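Chain residues, written in single-letter form:
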Amino acid sequence: MSTTSAPPASTPAPATPLDLDNIQGDLLSGLPKKTQTYFFFAITNVAKFRHHLHKLVPYIKTVAGVLKDRDAIDHHKKNKHPGLVPMTGVNISFSHKGFVKLGIDDSSLAPLGDEDPFKTGQQVDAVTNLGDPKKSDGKPDWDSHFLEDIHGLILISGESHLSVEKKELEIELLFGVHTLEASIKKIIAIRGDVRPGAESGHEHFGFLDGISNPAIIGFDKNPDPGPVPVQPGVLLTGQNGDNKADGTPNTRAPWATDGSFLAFRYLFQQVPEFDEFLKKNPIAKDGNGNVLTPEAGSDLLGARMVGRWKSGAPIDLAPFKDDPVLAADPKRNNDFFFQGEINSQLRCPFAAHVRKTNPRNDLEAPPSGIAPIPIESRRIMRRGIQFGPELTKHENTSGKTEHGRGLLFACYQSSIPNGFQFLQQSWANNDKFPPFETQPEDPGLDPLIGQGVRAMSGLDPLAEQKVLAMPQFIIPKGGEYFFAPSIKGLKDTIAAAA
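The structure displayed is predicted, hence computed values, not measured ones.

### Focus on the pattern of salt bridges
Here comes step 1: Within the structure shown, the criterion is met by 22 salt bridges.
Here comes step 2: Between Lys-61 and Asp-69 there is a salt bridge, with its nearest N and O atoms 2.5 Å apart. Grouping residues by exposure puts Lys-61 and Asp-69 together as buried.
Here comes step 3: Note that Glu-168 is salt-bridged to Lys-186, the shortest N-O span being 3.7 Å. Residue Glu-168 is found in helix α7 (residues 161-174), and its partner Lys-186 is found in strand β4 (residues 184-193); the two are separated by 18 residues along the sequence.
Here comes step 4: Under the relative-accessibility criterion, Lys-186 is labelled partly exposed at 33%.

Shown next as structure tokens:
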């Protein structure tokens, strides 16, 4: 059974070089951060806001600026200097309601018109398409702040709380927050932090995160082996690959070129309950028939739910035992394609989180006689950061969550219907996806982010037809869709002239 790389695909350069001074920094390269504040706001005075925004633009970190910051970090580490390099990064994005408030025609950002999720907003999309739990009034069961009209989001990243708090204060002063000159109202500011010590890079369930973001043609020069790089327009509006669902190019207003849609989700993780579920349902034997200790059986169950071990090693390559050396090798840890596994859950369940959200050769290179389905337009660039404290001793012993923690999930794409919305609605929430006609069981929901009746097949590698029901481990408590414009778009269209 082969799990080696697919044949290398051609990766033509984009039609024109990307202008890295025009693209906000979080989109392609990710703002460097140990901590990050998500500052959600509503515009209260349009004229003042546009003048204040003009003053904010020089604060905004571009991709070119992020690359310089990363060079500085590398130099700092290479020369073994103590501590962290002091730095901050600011980006800004707007909701459809924000553009309406500003009187800006954003119709080219919503090609589906009144049905476009960017135009309807995530509060509506959450109950009509995403499957979020809802209250008796029909609204999603969210934190009340996200039921307000949110016009924009300012991201503030940095190496320390002190640096980020100082930058946040500067921005509040710039917009006159808490004064008679205010042009915005702070709705809520949420701080996230990279987890400490050995858990750095791991989300709260303990799994290494952020391994499989797409490489971008024309930006990533020597991408690691794995899924083929995507056209820049999969992430950037107005670039090659910025297409509608039918494959025809989107027509964007000139000011919207080099922007990207940001889907934000406020996700609370039930970590003690997740750990208890693993403890109570250990897998008895691995796929080779070897008897497992309860601890090893619980670890294997978690790995099969996620599709990776906590180290980050993919179970498609290390199906029954963790391989930390593989996990630490960027040349191998994303180089898998589920080849030879059609209709088999022996190595990896169909509904494992990483298989649900990026099915790779399940769709792109199926067996002979089945038409391939391209998934380039479904790729998203995941950012985000963890929030909340580490588990307490009492939570560990009781198995019950007492303190809020989770993920400030953020992802970028050139189309919300092609990207985040599709992945959530058509893949994660679809118990019949992937759609193999002869599979022994419906795969079930994505065990982490799937919304609905929660059950999953294939968790026991030697009993593929056994279906295991499970509680909800991740609870959405808010969100919104935003558009992060280019620097030119901000200067020429959204902000007022000097």
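Following the structure, the description resumes.
### Some remarks on α7
Residue pairs three or four apart in sequence face the same way in an α-helix, which turns once every 3.6 residues.
Here comes step 1: Between its first and last C-alpha, α7 extends 20 Å over 14 residues, near the 20 Å set by a 1.5 Å rise per residue.
Here comes step 2: Those residues of α7 not exposed but buried are Ser-163, Val-164, Lys-167, Glu-168, Ile-171, Glu-172 and Leu-174.
Here comes step 3: Looking at the packing, one finds that the buried side of α7 touches β1 (35-43), α2 (46-56), β2 (88-94), β3 (152-158) and β4.

### Some thoughts on the UniProt feature "domain: Dyp-type peroxidase C-terminal" (unreviewed entry) in the protein chain
Here comes step 1: The positions that UniProt labels "domain: Dyp-type peroxidase C-terminal" (unreviewed entry) are, in the present scheme, residues 376-433.
Here comes step 2: Between the end C-alpha atoms of residues 376-433 there is a gap of 18 Å, over a span that is 26% helix and 22% strand.

### Describing the packing of aromatic side chains
Here comes step 1: Considering all chains together, one arrives at 29 aromatic pairs under this definition.
Here comes step 2: Taking the centre distance of 4.8 Å and the plane angle of 65° together, the rings of Tyr-266 and Phe-268 count as edge-to-face.
Here comes step 3: The class of Tyr-266 is buried, set by a relative accessible area of 9%.
Here comes step 4: Between Phe-274 and Phe-473, the aromatic rings sit 5.2 Å apart at their centres with planes inclined by 85°, giving edge-to-face as the arrangement. Of this pair, Phe-274 sits in helix α8 (residues 271-280) while Phe-473 sits in the loop between β10 (467-469) and β11 (474-484), placing them 199 residues apart in sequence. Across the pair, exposure class does not vary: Phe-274 and Phe-473 are buried alike.
Here comes step 5: Each member of the aromatic cluster is reached from another via a ring pair, and the members are Phe-41, Phe-49, Phe-94, Phe-99, Phe-118, Phe-175, Trp-255, Phe-261 and Phe-483.
Here comes step 6: The ring of Phe-207 has Lys-310 lying over it, and the distance from NZ or CZ to the ring centre is 5.9 Å.
Here comes step 7: Sitting above the plane of the Phe-338 ring, Arg-355 keeps its charged end 4.5 Å from the centroid.

### Some points on the packing of α8 against helix α9 (residues 294-306)
Here comes step 1: Where α8 meets α9, the closest approach of the two axes is 8 Å, and the angle between their N-to-C directions is 120°. Classified by the angle their axes make, α8 and α9 are oblique. Here the hand of the crossing between α8 and α9 comes out right-handed. On α9, the residues touching Phe-274, Phe-277, Leu-278 and Lys-279 of α8 are Ser-298, Leu-301, Gly-302 and Met-305.
Here comes step 2: The residue makeup of the contact of α8 with α9, split by class, is five nonpolar, two polar and one charged.

### Let's talk about the environment of Ala-327
Here comes step 1: Positionally, Ala-327 belongs in helix α10 (residues 324-327).
Here comes step 2: For Ala-327, a relative accessible area of 5% corresponds to the buried category.
Here comes step 3: Not counting residues up to four positions away in its chain, the partners in contact with Ala-327 are Ser-311, Gly-312, Ala-313 and Asn-333.

### Some words on the pairing of strand β8 (residues 406-413)
Regular strands have side chains that alternate between both faces of the sheet.
Here comes step 1: When you tally the buried positions in β8, you get eight out of eight residues, the bulk of the element.
Here comes step 2: Relative to β8, strand β5 (residues 260-269) is paired through eight bridges, and the arrangement is antiparallel. When the sheet's bridge partners are listed, Phe-268 is paired in β8 with Gly-406.
Here comes step 3: As paired strands, strand β7 (residues 385-387) and β8 are joined by three bridges and run antiparallel to one another. When the sheet's bridge partners are listed, Gln-386 is paired in β8 with Leu-407.

### As for the pairing of β1
Here comes step 1: With nine of its nine residues buried, β1 lies for the most part within the structure.
Here comes step 2: Strand direction decides the pairing type here: β1 and β3, joined by seven bridges, are antiparallel. Bridge pairing links Phe-40 to Leu-153 in β3.
Here comes step 3: In this sheet, β4 lies alongside β1 in antiparallel orientation, the contact comprising nine bridges. If you follow Phe-40 over to β4, its bridge partner there is Ile-188.

### Here's the deal with the environment of His-96
Here comes step 1: With respect to the helices and strands, His-96 occurs in helix α4 (residues 96-102).
Here comes step 2: Put simply, His-96 and Gly-152 are 56 residues apart on the chain and 9.0 Å apart in space, counted from C-alpha to C-alpha.
Here comes step 3: Aside from chain neighbours lying at most four places away, what touches His-96 is Asp-106, Phe-118 and Lys-119.
Here comes step 4: For His-96, the side chain forms a polar contact with the side chain of Asp-106, separated by 2.8 Å.

### Some thoughts on the UniProt feature "domain: DyP dimeric alpha+beta barrel" (unreviewed entry) in the protein chain
Here comes step 1: When the UniProt feature table is mapped onto this chain, "domain: DyP dimeric alpha+beta barrel" (unreviewed entry) is found at residues 22-196.
Here comes step 2: What you have in residues 22-196 is 37% helix and 19% strand, and the ends, taken at the C-alpha atoms, are 34 Å apart.

### Considerations on unusual backbone geometry
Here comes step 1: The omega angle of the peptide bond from Phe-433 to Pro-434 is 0°, so this bond is cis rather than trans.
Here comes step 2: Checked against the element boundaries, Pro-434 lands in the loop between α14 (420-428) and β9 (455-457).
Here comes step 3: With a phi close to 75°, His-178 is a non-glycine residue in the positive phi region.
Here comes step 4: Mapped onto the secondary structure, His-178 falls in the loop between α7 and β4.
Here comes step 5: In this structure, Arg-360 is a non-glycine residue whose phi angle is positive, near 50°.
Here comes step 6: Within the secondary structure, Arg-360 sits in the loop between α11 (353-357) and α12 (361-364).
Here comes step 7: Look at Arg-360 and you get buried, because its relative accessible area is 2%.

### Points about α8
Here comes step 1: Of all the positions in α8, only Val-271, Pro-272, Phe-274, Asp-275, Phe-277 and Leu-278 are classed as buried.
Here comes step 2: Of the surrounding secondary structure, the elements contacted by the buried residues of α8 are β5, α9, α13 (393-398) and β10.

Quick notes on the rules
Residue indices follow the written sequence of each chain, beginning from 1 at its first position. Selection of residues for local features in this predicted model requires a pLDDT of at least 70, selection of side-chain atom pairs for listing and counting requires 80 or more, and totals for whole chains, interfaces and linings are taken over all residues. Calculated side-chain values reflect all of the structure's heavy atoms, with hydrogen atoms and water omitted. What makes a salt bridge here is a side-chain nitrogen of Lys or Arg within 4 Å of a carboxyl oxygen of Asp or Glu, nothing more. Here's how the labels work: a residue is buried when its accessible area is under 20% of the maximum for its type, exposed when over 50%, partly exposed in between, all with a 1.4 Å probe on protein chains only. Think of it this way: any DSSP run of H or I at least four residues long counts as a helix, any run of E at least two long counts as a strand, and we number them from the N terminus. In this analysis, the expected span of each helix is defined as 1.5 Å times one less than the number of residues it contains. Note on definitions: a residue-residue contact is assigned when non-hydrogen atoms from the two residues lie within 4.5 Å. UniProt positions are given in the numbering used here, feature names are shortened, and annotations may be inferred rather than shown by experiment. Paired rings are identified among Phe, Tyr and Trp, the last through its six-membered ring, by centres lying within 6.5 Å, and are further divided according to the angle between planes into stacked (under 30 degrees), edge-to-face (over 60) and tilted (the rest). Two thresholds decide whether a charge sits over a ring: the Lys NZ or Arg CZ must be within 6 Å of the ring centre and within 35 degrees of the ring normal. The angle between two axes is taken between their N-to-C directions and runs from 0 to 180 degrees, where each axis is a line fitted to C-alpha atoms and a helix contributes only its stretch in contact. For this classification, under 35 degrees means roughly parallel, over 145 means roughly antiparallel, 65 to 115 means roughly perpendicular, and everything else is oblique. Handedness of a crossing is defined here by the sense of rotation of the near helix relative to the far one, left-handed for an anticlockwise turn of less than a right angle and right-handed for a clockwise turn. Under the scheme applied here, ten amino acids are nonpolar (Ala, Val, Leu, Ile, Met, Phe, Trp, Tyr, Cys and Pro), four are charged (Asp, Glu, Lys and Arg), and all others, including Gly, are polar. Each pair of strands is called paired provided DSSP finds at least two bridges between the two strands. In the analysis that follows, any N or O atom pair within 3.5 Å is treated as a polar contact, provided that within protein one partner can donate a hydrogen and the other can accept it, and provided that, for residues neighboring in sequence, both atoms belong to side chains.

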